[in-house]
Amino acid sequence: GPKVLQIPSHQIIDMGQMVTLNCDPVSNHLYFYWYKQILGQQMEFLVNFYNGKVMEKSKLFKDQFSVERPDGSYFTLKIQPTALEDSAVYFCASSVTGGNTLYFGEGSRLIVV
Amino acid sequence: AQSVTQPDARVTVSEGASLQLRCKYSYSGTPYLFWYVQYPRQGLQLLLKYYSGDPVVQGVNGFEAEFSKSNSSFHLRKASVHWSDSAVYFCVLRGGDRIFFGDGTQLVVKP
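Attention here is on the structure that accompanies the text. Everything numeric here is computed off the predicted structure, so don't read it as measured data.

1. Brief notes about the layout of surface pockets
Link 1 in the chain: If you add up the space inside the largest pocket, you get close to 570 Å³.
Link 2 in the chain: What lines the largest pocket is a set of 29 residues, and nearest its centre among them are A:Arg109, B:Gln38, B:Pro40, B:Arg41 and B:Gln42.
Link 3 in the chain: The set of elements that each furnish at least two residues to the lining of the largest pocket consists of strand S1 (5-7), strand S4 (31-38), strand S9 (88-95) and strand S11 (108-112) of chain A together with strand S10 (87-95) and strand S12 (105-110) of chain B.
Link 4 in the chain: Here the residues of the lining of the largest pocket are counted per class, giving 13 nonpolar, 13 polar and 3 charged.
Link 5 in the chain: Looking at the second largest pocket, its volume works out to about 390 Å³.
Link 6 in the chain: In terms of lining, the second largest pocket is formed by 20 residues, of which the most central are A:Pro2, A:Lys3, B:Leu44, B:Gln45 and B:Leu46.
Link 7 in the chain: For the lining of the second largest pocket, the element with the highest residue contribution is strand S6 (residues 44-50) of chain B, accounting for 4 residues.
Link 8 in the chain: Here the residues of the lining of the second largest pocket sort into 13 nonpolar, 5 polar and 2 charged.

2. A short note on the interface of chain B and chain A
Link 1 in the chain: On the side of chain A, 22 residues touch chain B, which itself brings 24 residues to the contact.
Link 2 in the chain: Across the interface of chain B and chain A, roughly 1800 Å² is buried in total on both sides, 44% from carbon and sulfur atoms.
Link 3 in the chain: Among the residues chain B hides against chain A, the three largest losses belong to B:Arg94, B:Asp97 and B:Phe101. Together they make up 27% of the total.
Link 4 in the chain: Counting the contacts that link chain B with chain A gives 0 salt bridges.
Link 5 in the chain: One can count 7 residue pairs in polar contact (both at pLDDT 80 or more) joining chain B with chain A.
Link 6 in the chain: Among the secondary structure elements, those contributing two or more residues to the side of chain B that touches chain A are strand S5 (32-38), S6, S10, strand S11 (98-101) and S12 of chain B.

3. A short note on the pairing of S11(A)
Residues and elements named next belong to chain A.
Link 1 in the chain: The side-chain alternation of S11 yields one buried face, formed by Ser108, Leu110 and Val112, and one unburied face, formed by Arg109 and Ile111.
Link 2 in the chain: In the sheet, strand S2 (residues 10-13) pairs with S11 via 4 bridges, with the strands oriented parallel. The residue bridging His10 from the neighbouring strand is Arg109, located in S11.
Link 3 in the chain: Sheet topology places S9 next to S11; 3 bridges connect them, and they run antiparallel. Residue pairing for S11: Tyr90 is matched across the bridge by Ser108.

4. Looking at the sheet that holds strand S8 (residues 75-79) of chain A
Residue and element names in this part refer to chain A.
Link 1 in the chain: Taken together, the 4 strands give an open sheet; going across it, the order is S1-S3-S8-S7, and neighbouring strands pair in antiparallel fashion. Every other strand in the sheet has two partners, leaving S1 and strand S7 (65-68) as the edge strands with one partner each. Along the sheet, successive strands turn relative to each other by an average axial angle of 15°, direction set aside.
Link 2 in the chain: Examined bridge by bridge, S7 and S8 share 4 bridges and lie antiparallel to one another. Across the sheet, residue Ser66 finds its bridge partner in S8, namely Lys78.

5. Quick word on the state of the cysteines
Residues and elements named next belong to chain A.
Link 1 in the chain: On inspection of all chains with the given rule, the structure shows 2 disulfides over all chains.
Link 2 in the chain: Here Cys23 pairs with Cys92 through a disulfide, and the sulfurs are 1.9 Å apart. Because the torsion about its S-S bond is -65°, the bridge between Cys23 and Cys92 counts as left-handed. Here Cys23, found in strand S3 (residues 19-24), pairs with Cys92, found in strand S9; they are 69 residues apart in sequence, far enough to count as distant.

What counts, and where the lines are drawn
- Residues numbered from 1 in each chain as written.
- Chains lettered and ligands numbered in written order.
- Predicted model: local features only at pLDDT ≥ 70, side-chain atom pairs only at ≥ 80, totals over all residues.
- Heavy atoms only, no water.
- 1 Å grid on protein atoms, 1.4 Å probe; cavity = no way out; pocket = protein on both sides within 12 Å on 5 of 7 lines; lining within 4 Å.
- Points joined across faces, edges and corners; volume = space filled by probe spheres on them.
- Helix = DSSP H or I, 4+ residues; strand = E, 2+ residues; numbered from the N terminus.
- Nonpolar A, V, L, I, M, F, W, Y, C, P; charged D, E, K, R; others polar.
- Contact = heavy atoms within 4.5 Å.
- Buried area = accessible area lost by both parts, 1.4 Å probe.
- Salt bridge = Lys/Arg side-chain N within 4 Å of Asp/Glu carboxyl O.
- Polar contact = N/O pair within 3.5 Å; in protein donor to acceptor, adjacent residues only side chain to side chain.
- Buried < 20%, exposed > 50% of the residue type's maximum accessible area, 1.4 Å probe, protein only.
- Pairing = 2+ DSSP bridges.
- Axes fitted to C-alpha atoms, helices over the stretch in contact; angles between N-to-C directions.
- Disulfide = S-S within 2.5 Å.

By themselves, these observations are geometric and do not establish any function.
What follows is the structure in structure tokens.
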């Protein structure tokens, strides 16, 4: 099936540093999402993105977070500066339209020390 | 308010037994419902989806789910589970541009 690629698969970073998580969505998809997974189970919505703009974001999407997709390249999640509570697995997802099936990447495991 | 509830955080069954994972939703419009599976250290994979029509939808690996508007449910079933089905299963609701996840049900299949 359609593949969403995420880079890196895992990263360890010092608290206060910046991290960028990269997502290569399915090629014809227009809607992009970031989710944060904690405790290996709960999927928590962070943000969705369409047509170059953030459409909706949750309370978890702190001021230190930002997303962009410059010129159709990677859809990125940047955290600057990182905090200990940012440690989690971050999943990127994409869909053709706002109402269609979501396809997920394998996740980027972030450990902030 | 829109929401998805998976009342069972963990379900344990024996290999070869039948399975039902429960999902209840709350949504005023026409829901698009999905079941995803997540194997350890992997992303979410689509098992099946329901948009309209036949309320029983077939998915991969012998899974099926039944939509019930009257019960606001979308339970996942499998006739005979295999040890490789051990994973976390998520029920997901799409209403317009919004997406709602259940908290997931961890399925443990005993040999």
